[in-house]
Amino acid sequence: MLRIKLITVGTLKESYLREAVAEYEKRLGAYAKVEIVELKEGRVAENPSAAEISAVLEKEADAILAAIPARAFTVALCVEGQSRSSEQLATLLEDAMSRSSDLCLVIGSSHGLSPRVKKTADYRLSVSALTFPHQLMRVLLLETVYRSLSILHGSKYHK
């Protein structure tokens, strides 16, 4: 069975987002074993300099890279990543599953991801050209992965 590890920087504070994540975790259970790892977000000043942000991203990168399973197909969410339709993402996941039974998805903090994490990833994904809070992105990503796996399994969910 596919193992999905979602690595996120930061926690979900809002109960409605936690409930939505729990719902998609439950749905994904039909196709995969899901593990969510929440890493601590680095603290920066109110108006941080580029150097301060970079230092925090590198510290977060250490924790992210340590949490990625060996041989996992890793997808990093980032603005400069490629966008895909649901069907195209399903094809990407199908290819990833042919290489590894471990899929690792990485969502960075509000400052994004270190270039080191992006370079390590097998694929860089942009879910949308719009900007979303990273807490909401967790729900969107889980729904997107659920939809893609539903497509691969011939479910009516995608219709």
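Above this text you will find the structure in question.
Keep in mind that this is a model prediction, so the values were computed, not measured.

Rules used throughout
- Residues numbered from 1 in each chain as written.
- Predicted model: local features only at pLDDT ≥ 70, side-chain atom pairs only at ≥ 80, totals over all residues.
- Heavy atoms only, no water.
- Axes fitted to C-alpha atoms, helices over the stretch in contact; angles between N-to-C directions.
- Helix = DSSP H or I, 4+ residues; strand = E, 2+ residues; numbered from the N terminus.
- Parallel < 35°, antiparallel > 145°, perpendicular 65-115°, else oblique.
- Contact = heavy atoms within 4.5 Å.
- Nonpolar A, V, L, I, M, F, W, Y, C, P; charged D, E, K, R; others polar.
- Core = buried A, V, L, I, M, F, W, Y, C linked by side-chain atoms within 4.5 Å.
- Buried < 20%, exposed > 50% of the residue type's maximum accessible area, 1.4 Å probe, protein only.
- Pairing = 2+ DSSP bridges.
- Expected span 1.5 Å × (residues − 1).
- Arc of directions from axis to C-beta.

Caption draft 1: Expanded view of the packing of helix H3 (residues 86-99) against helix H5 (residues 134-152). One way to put it is that H3 packs onto H5 with a least axis distance of 8 Å and a crossing angle of 75°. In terms of their interaxial angle, H3 and H5 are classed as roughly perpendicular. Judged by residue contacts, Ser86, Glu87, Leu89, Ala90, Leu93, Glu94 and Met97 of H3 engage Thr144, Val145, Arg147, Ser148, Leu149, Ile151 and Leu152 from H5. For the contact of H3 with H5, the class distribution of residues is eight nonpolar, three polar and three charged.

Caption draft 2: Representation of the nonpolar core in the model. Counting residues in each nonpolar core, the largest one holds 30 residues, and the members touching the most others are Ile4, Leu28, Val75, Leu103, Leu105, Leu141 and Val145. Counting residues per element, the ones that place at least two in this core are strand S1 (2-9), helix H1 (15-28), strand S2 (32-39), strand S3 (73-82), H3, strand S4 (102-107), strand S5 (123-125) and H5. In this structure, Ile7, Ala61, Val106 and Leu113 belong to the second largest nonpolar core, which totals 15 residues.

Caption draft 3: Summary view of the sheet that holds S5. Pairing is parallel across the open sheet formed by five strands, whose spatial order is S2-S1-S4-S3-S5. On the outer flanks of this sheet lie S2 and S5, each paired with one strand and no other. For this sheet, the mean angle separating the axes of adjacent strands, direction not counted, is 30°. As defined by bridge partners, S3 adjoins S4 across four bridges and the pair is classed as parallel. Within the sheet, the bridge partner assigned to Phe73 lies in S4 and is Leu103. Sheet contacts for helix H2 (residues 50-67): S1, S2 and S4; angle to S1, the most-contacted strand, approximately 170°.

Caption draft 4: Main features of the environment of Ala20. Within the secondary structure layout, Ala20 lies in helix H1. With a relative accessible area of 22%, Ala20 lands in the partly exposed category. When the C-alpha positions of Ala20 and Leu140 are compared, they lie 9.4 Å apart, and in sequence the two are 120 residues distant.

Caption draft 5: Expanded view of the environment of Leu130. With respect to the helices and strands, Leu130 occurs in the loop between S5 and H5. With a relative accessible area of 60%, Leu130 lands in the exposed category. Placed 51 residues apart in sequence, Leu130 and Val79 show a C-alpha to C-alpha distance of 9.0 Å.

Caption draft 6: Expanded view of H3. In this model, H3 (14 residues) spans 20 Å end to end at C-alpha, consistent with the 20 Å of a helix rising 1.5 Å per residue. Here H3 has its buried residues at Leu89, Ala90, Leu92, Leu93 and Ala96. Angular distribution of buried residues about the axis of H3 spans 160°; they occupy a single face of the element. Summarising the contacts, the buried residues of H3 are in contact with S3, S4, S5 and H5.

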